[in-house]
Amino acid sequence: MHQLAIALKRKGYQVTGTDDEIFEPAKSNLAKEGLLPEEIGWQPAKITKDLDAVILGMHAKADNPELLKSKEIGVSIYSFPEYIFRESHDKTRVVVGGSHGKTTTTSMIMHVLRESGKSFDYLVGARLPGFDQSVNITDAPVIICEGDGYPASIIEKRPKFHFLFPHIAIITGIAWDHINVFPTFDNYLDQFKIFIDKIESNGHLIFNDSDTILKQLVETHARKDIHYHPYHVPEHSIENGVTKLSIEGKATELKVFGDHNLLNLKAAWLACKQLGISSQQFISAIASFTGAAKRLELLAANGSTIFYRDFAHAPSKVKATIEAVKNQFPDKKFIAALELHTYSSLNEAFIKEYKGAMDSADEASVFYSKHALELKRMPHLPKETVQQGFAKPDLQVFNNRSELETWLYQLDYENSVTVFMSSGNYDGIDIENFARRITRTID
């Protein structure tokens, strides 16, 4: 929300806002732009009839006094994605949906368009090298959007990606997640059918046909007025830990790796192709793509030891990351440390979805904090339940930070690759500092 406020202010709009709490980096970013509220807290007196719009964040509650005042006096109220659509009504809209790979695929498209000198707006869920914002709204003819599946707001509970009406849509894959929002898998599938229905007539659907669930959904929910572009892992090779890619006879080495990233890349290429990018432009640009923040992000390395951080938390994401690292470094000892942090991952009934996800790791641990359970008002999660869910006999399960730290420090990291997977922060462990310390010690 604060990034949207900054983008609209830079476009020339008069922007104000309030919140009950403002944390870093939002606080400093808003202050730098002259947008930080003079006082914290809701201020219904500032809601007046001369406002053109109120944009409602998804965390505002139904009894929010500013929301109630807006309804009372008839000010136009928009959720985040509804307002993005209002600003991009006359643009070519590219929307990346799916259960995994959305941020990376969106980032790849953005990177290639920027390197190719194209003008575009964007909405993405991570920090990207070379972009000072995660939201940009200008008069550009194209907008690239990451299609979030969470509800748009308290008064508009449909998924955000239902409001963007793409001309070019991507579905990266389907794996049940967000069970607090979509209680059954069929209900989750329905959201993607609706997304397909939202594609503009004569638009394009780019989809991963190596995902059998997605392929079946597309085939059984076909439209005759849009164009279909199935894709799978592109031609590539791995030599000395480096992935080499070929598209339409043009080849390059990549700074990212793994089948999941190659799938993301192929989807990005098909979208860029529809936007007028040549294969040579794409290959030249994608060679310098290093990834979005926390997506197989290199933390530290020396000649023997490598540490990565990854945002993986859902079962499909964990499996994809594990497979990618194992295939890229087959001769190294593989250490995997996963934190369960989301509502779904901490749900006792959902744990079984992780079965086999960590099997390829030589040393593996799963950590979850009691504090995270308390914040989400969830019941105690027994270690035995986690152990049974993952079904890996030698899996180490910790719910205490000191236990996890003890395990990490007693491991042998010689000739190894370690990946930390989490959407949280391991209850405050500084994994960047840990990775640097271990690599300096071994080096």
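Scroll up a little and you will see the structure.
Keep in mind the model is a prediction, meaning the values are calculated, not measured.

A.B. asks: Would you take a moment to explain the overall build of the protein for this structure?
C.D. replies: For the protein, the helix and strand inventory stands at 14 helices and 18 strands. The C-alpha radius of gyration of the protein comes to 22 Å, within 12% of the 22 Å expected for a compact globule of 443 residues. Each principal axis of the C-alpha distribution contributes one length, and for the protein these read about 65 × 55 × 45 Å. Each of the 443 residues in the protein was classed as buried or not, and the buried ones make up 53%. Long-range pairs, those at least 24 residues apart, make up 68% of the contacts in the protein between residues at least 6 apart in sequence. The positive charge centre, built from 49 side chains, and the negative charge centre, built from 57, are 2 Å apart in the protein.

A.B. asks: I keep staring at the packing of aromatic side chains and nothing clicks. Help me out?
C.D. replies: Two aromatic rings are characterised by how far apart their centres lie and by the angle between their planes. Tallied over the entire structure, the rule returns 24 aromatic pairs. Ring geometry for Phe 207 against Tyr 228: centres 6.4 Å apart, planes inclined by 85°, an arrangement best described as edge-to-face. In this pair, Phe 207 is assigned in strand β8 (residues 204-208) and Tyr 228 in strand β9 (residues 227-231), connecting sequence segments 21 residues apart. With relative accessibility at 7%, the residue Phe 207 sits in the buried group. Relative to Phe 329, the ring of Phe 257 has its centre 5.7 Å away and its plane inclined at 85°; by these criteria the two rings are edge-to-face. Taken together, the positions of Phe 257 in the loop between β12 (250-253) and α8 (259-274) and Phe 329 in the loop between α10 (315-328) and β15 (333-339) put the pair 72 residues apart, joining distant regions of the chain. The same class applies to Phe 257 and to Phe 329, which are both buried. Through a chain of ring-to-ring contacts, the aromatic side chains of Phe 307, Phe 367, Tyr 409, Tyr 413, Phe 420, Tyr 426 and Phe 434 assemble into a single cluster. Arg 295 extends its terminal NZ or CZ atom over the ring of Phe 311, reaching a point 4.3 Å from the ring centre.

A.B. asks: Before we go on, may I ask you to explain the layout of surface pockets in this structure?
C.D. replies: Any empty space left between atoms is shown by rolling a water-sized probe over those atoms. Each pocket or cavity is described by its volume, and for the second largest pocket that value is around 270 Å³. If you go around the second largest pocket, you meet 15 residues; those closest to its centre are Lys 255, Val 256, Phe 257, Leu 298 and Tyr 308. Mapped by element, the contributors of at least two residues to the lining of the second largest pocket are β11 (242-247), β13 (297-301) and β14 (305-310). Its residues placed into classes, the lining of the second largest pocket shows 10 nonpolar, 4 polar and 1 charged.

A.B. asks: So what exactly am I meant to see when it comes to the pairing of β8 here?
C.D. replies: Every other side chain in a regular strand lies on the same face of the sheet, so the side chains alternate between the two faces. Counting buried residues in β8 gives 5 out of 5 residues, a clear majority hidden from the surface. With 4 bridges joining them, strand β7 (residues 168-171) and β8 adopt parallel strand pairing. Bridge pairing in β8 places Ile 168 opposite His 204. Relative to β9, β8 runs parallel, the two sharing 5 bridges. When the bridges of β9 are listed, Asn 208 appears paired with Tyr 231.

A.B. asks: What is the right way to read the sheet that holds β11 from this model?
C.D. replies: Across a sheet, strands are paired by hydrogen bonds formed along the backbone, either parallel or antiparallel in direction. The 3 strands lie next to each other as β10-β11-β12, forming an open sheet whose pairing is antiparallel. Edge positions in the sheet fall to β10 (236-239) and β12, since each of these pairs with one other strand and no more. Mean inter-strand twist for the sheet, computed between neighbouring axes without regard to direction, equals 20°. Bridge count for β11 against β12 is 4 bridges, and the pairing is antiparallel. Pairing of Lys 244 across the sheet is with Glu 253, part of β12. The strands that helix α9 (residues 279-286) touches are β11 and β12; relative to β12, the one it contacts most, it runs at about 5°.

A.B. asks: Can you walk me through unusual backbone geometry in this structure?
C.D. replies: Leave glycine aside and you will find that most residues have negative phi; peptide bonds, for their part, are mostly trans. Note that the residue after Glu 24, namely Pro 25, is joined by a cis bond; omega there is 5°. Note on placement: Pro 25 falls in the loop between α1 (2-11) and α2 (26-32). The phi dihedral of Asn 240 is positive, around 55°, even though this residue is not glycine. Within the secondary structure, Asn 240 sits in the loop between β10 and β11. For Glu 248, which is not glycine, the phi dihedral falls at a positive 50°.

A.B. asks: Sorry, what's going on with α9 here?
C.D. replies: Working note: α-helix, 3.6 residues per turn, so residues spaced by three or four point in the same direction. Taken as a whole, α9 has its buried residues at Ser 279, Phe 282, Ile 283, Ala 285 and Ile 286. Packed against the buried residues of α9 are α5 (102-115), β11, β12 and α8.

Analysis parameters
In this numbering scheme, every chain counts its residues from 1 along its sequence in written order. Only residues with pLDDT of 70 or above have their local features reported here, since the model is predicted, and side-chain atom pairs are shown and tallied only from 80 upward, although totals for entire chains, interfaces and linings are computed over all residues. The side-chain quantities take in all heavy atoms of the structure and omit both hydrogens and water. Helix and strand assignments follow DSSP, with helices taken as H or I runs no shorter than four residues and strands as E runs no shorter than two, numbered in order from the N terminus. In this setup the radius of gyration rests on C-alpha atoms only. A globule is expected at 2.2 Å times the number of residues raised to 0.38. Relative accessibility decides the category of a residue: with a 1.4 Å probe and only protein chains considered, values under 20% of the type maximum give buried, values over 50% give exposed, and everything between is partly exposed. By the convention used here, residues are in contact when the closest approach between their heavy atoms is within 4.5 Å. As used throughout, the charge tally considers Lys and Arg to be positive and Asp and Glu to be negative, leaving His and the chain termini uncounted. All charge positions are set by atom: Lys at NZ, Arg at CZ, Asp at CG, Glu at CD. Stacked, tilted and edge-to-face are the three classes assigned to paired rings of Phe, Tyr and Trp, where Trp is represented by its six-membered ring and a pair needs centres within 6.5 Å; plane angles under 30 degrees give stacked, over 60 edge-to-face, the rest tilted. Whether a charge lies above a ring is judged from NZ of Lys or CZ of Arg, which has to be within 6 Å of the ring centre and within 35 degrees of the ring normal. The distinction between a cavity and a pocket rests on a 1 Å grid over the protein atoms alone: a 1.4 Å probe fits inside a cavity but cannot get out, while a pocket stays open yet meets protein on both sides within 12 Å along at least five of seven lines, and a residue with an atom within 4 Å of a point counts as lining. Grid points are joined across faces, edges and corners, and a volume is the space filled by probe spheres set on the points. Residues are sorted three ways: Asp, Glu, Lys and Arg are charged, Ala, Val, Leu, Ile, Met, Phe, Trp, Tyr, Cys and Pro are nonpolar, and all the rest, Gly among them, are polar. Think of it this way: DSSP has to see at least two bridges between two strands before they count as a pair. Axis definition: a line fitted to C-alpha atoms, limited for helices to the stretch in contact. Angles are taken between N-to-C directions and run from 0 to 180 degrees.

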